[in-house]
Amino acid sequence: MTPVRGAGHPQGTFVMERLLDRVARELGLDRAEVRRRNLIPAHKMPYTTQLKARGGMPVVLDSGDYPKCQQDALVCAGWDEFRARQEAARAEGRHIGIGMANFCKGTGRGPFEAVTVRIGPSGKVHVYSGAAAMGQGTKTMLAQIVAEQLGGSLENVTVTTGDTAAVSMGLGGSNSRQTVIAGSSAHVAALKVREKALKIAGHMLEASELDLEIEGDQIRVKGVPEMKVSLGGIARAVAGTAGFTLPAGVTPGLEATEHVVIDDMTHANGTAVVEVEVDIETGAVVILKFVAVHDCGRIINPMIVDGQILGGTAHGIGNALFEWMGYDDDAQPVTTNLGEYLLVTATEMPHIEVIHHESPTPLNPLGVKGIGECGVIPVPAAIMSAIEDALTPFGVHIAQAPISPAQILALIEQGRVRTGERVNG
């Protein structure tokens, strides 16, 4: 499981959420109510658990409103009204069900990620990081964080990642860590470059640093736009010229390198609610509705966050209904191509209703939490819960993922035998 998105979290969550459904069933309680009673409320954050991380530090849930995430997901999915819809569907011979699952994910594993921010003589802002990008928007994220402090223009920022010629140390992409760790280093480095640029501009413009602002590639005196100096001009002023002195108290160059050290992981959380329809003649499962509520702290780029949630959800649907890895009696794989190992495609993907919560963490200067792995974590458990609910008349209980149509039909048949219904040919 380790090399795959979530690295064991979807499997652990699957076991816990399946057990919570069993508790609800055996005690005659609503599944959502069982969870509500056991969720840590917002006023108890930060909450120290009895668990320990791999480095021996206690696992501390730093921020978030877990009950509100669940409640918002239930309301959006129409949880309280579902039983009436289900009864109407059963009267038509259709089997629909609803399920849910919560998750909590430690993100941003430290201890550091190196980032250098440099303004060159052309006025371009260059960002170098050991944080390797693998399709999750790392370069865009770093550019946004740096641009926020240095003029706001993404077009004026270039980002180089994973190049040891620029940054010799880097720990790579895993554990939803890049925005938390590399982003924090980029933020602090950009602040230091900003502070130095304003100081130099103050000397050049004979103005107080407090009266200056950075806009685009220019530093201007507030209210006096004609009094300005370019970022390139400032960089050239501290690049040094033989025989000329630097501005008083200013060191050469316009750059900063940071390795912000963060040992404690910040915890993202969320809730998935799924409505499905099961064809009891074929075992086919169709997802009718999917609601994903998540909290990844302060959101840097909403489009990237949406993409990570949607991609993770697709991955989770694949984990639940398609991606079976099979072996024969000699332990040789029998699913050796994409005709046998099935992946979810656009035709199987439902519309995903995404709801954002933002509970900034106190553990890093940006208040951000990781998001890359979060979408996948609750999905298999929520889908199995919904399938079970749809097949309640047959007493079906699911303890595995993925589950195939043939396996669903077998469980229905077993349920019919248990309930004394005549088994057809």
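Residues numbered from 1 in each chain as written. Predicted model: local features only at pLDDT ≥ 70, side-chain atom pairs only at ≥ 80, totals over all residues. Heavy atoms only, no water.

## Notes on the overall build of the protein
The number of helices and strands found in the protein is 10 helices and 13 strands. Residues counted as buried form 48% of the 425 residues belonging to the protein. Counting contacts in the protein only where the partners sit at least 6 residues apart, residues at least 24 apart contribute 70% of the total. Carbon and sulfur atoms form 55% of the exposed surface of the protein, whose accessible area is close to 20,100 Å². In the protein, 36 positive and 47 negative side-chain charges are present, and the distance between their average locations comes to 4 Å. (Helix = DSSP H or I, 4+ residues; strand = E, 2+ residues; numbered from the N terminus. Buried < 20%, exposed > 50% of the residue type's maximum accessible area, 1.4 Å probe, protein only. Contact = heavy atoms within 4.5 Å. Areas by Shrake-Rupley, 256 points an atom, 1.4 Å probe, with all protein chains shown as cover. Lys, Arg positive; Asp, Glu negative; His and termini not counted. Charge placed at Lys NZ, Arg CZ, Asp CG, Glu CD.)

## Things to note about empty space enclosed by the protein
Summed over all chains, the structure comprises one cavity of 30 Å³ or more. Looking at the largest cavity, it is lined by 13 residues, and the ones nearest its centre are Phe103, Ala292, Cys374, Gly375 and Pro378. Contributing elements (two or more residues each) for the lining of the largest cavity: β11 (266-278), β12 (285-295) and α8 (302-321). Among the elements that make up the lining of the largest cavity, the one with the highest residue count is β12 (four residues). By residue class, the composition of the lining of the largest cavity is nine nonpolar, four polar and no charged. (1 Å grid on protein atoms, 1.4 Å probe; cavity = no way out; pocket = protein on both sides within 12 Å on 5 of 7 lines; lining within 4 Å. Points joined across faces, edges and corners; volume = space filled by probe spheres on them. Nonpolar A, V, L, I, M, F, W, Y, C, P; charged D, E, K, R; others polar.)

## Notes on the sheet that holds strand β10 (residues 255-258)
Strands belonging to one sheet form pairs held by backbone hydrogen bonds; the direction of such a pair is parallel or antiparallel. Taken together, four strands build an open sheet; the order of strands is β6-β5-β4-β10 and the sheet is mixed. One side of each edge strand has no neighbouring strand; the edge strands of this open sheet are β6 (157-161) and β10. Along the sheet, successive strands turn relative to each other by an average axial angle of 10°, direction set aside. Inspection of the sheet shows strand β5 (residues 125-129) paired to β6 by five bridges, in the parallel sense. The partner of valine 127 across the bridge, within β6, is valine 159. Against the sheet, helix α6 (residues 178-205) makes contact with β4 (115-119), β5 and β10, and its axis sits at roughly 30° relative to β4, the strand it touches most. (Pairing = 2+ DSSP bridges. Axes fitted to C-alpha atoms, helices over the stretch in contact; angles between N-to-C directions.)

## Side note on the nonpolar core
Formed by 45 residues in total, the largest nonpolar core has its most connected members in Val117, Ile119, Val146, Leu150, Ile219 and Leu254. Going through the elements one at a time, β4, β5, α5 (138-149), β6, α6, β7 (212-215), β8 (218-221) and α7 (231-237) are the ones with two or more residues in this core. It is α6 that provides the largest number of residues to this core, a total of 13 residues. Setting aside residues no more than four positions away along its own chain, leucine 150 makes contact with Val117, Ile119, Val125, Ala190, Val193, Arg194, Ile214, Gly216 and Leu231. Counting residues in hydrophobic clusters, the runner-up holds 42 residues, among them Phe14, Phe103, Ile383 and Ala390. (Core = buried A, V, L, I, M, F, W, Y, C linked by side-chain atoms within 4.5 Å.)

## With respect to helix α2 (residues 31-38)
Among the residues making up α2, those that are buried are Arg31, Ala32, Val34 and Arg35. Down the axis of α2, the sector holding all buried residues measures 160°, keeping them to one side. Next to the buried residues of α2 lie α1 (9-27), α3 (66-77), α4 (82-91), β3 (95-107) and α9 (379-390). The distance from a side-chain oxygen at the start of α2 to the backbone nitrogen of alanine 32 is 2.9 Å, and the residue carrying that oxygen is aspartate 30. (Arc of directions from axis to C-beta. Polar contact = N/O pair within 3.5 Å; in protein donor to acceptor, adjacent residues only side chain to side chain.)

## What about the pairing of strand β1 (residues 47-52)?
As defined by bridge partners, β1 adjoins strand β2 (residues 58-61) across three bridges and the pair is classed as antiparallel. Bridging from a neighbouring strand, threonine 48 pairs with valine 60 of β2. The turn linking β1 back onto β2 is made up of five residues, and glycine 56 within it adopts a positive phi angle of 90°.

## Quick look at the sheet that holds β3
The strand order across the open sheet formed by four strands is β3-β11-β12-β13, and the pairing between neighbours is mixed. Two strands bound the open sheet, and with one partner strand each, they are β3 and β13 (352-357). For this sheet, the mean angle separating the axes of adjacent strands, direction not counted, is 15°. Alignment of β3 against β11, held across 13 bridges, turns out to be antiparallel. Counted as the bridge partner of alanine 101 is alanine 272 from β11.

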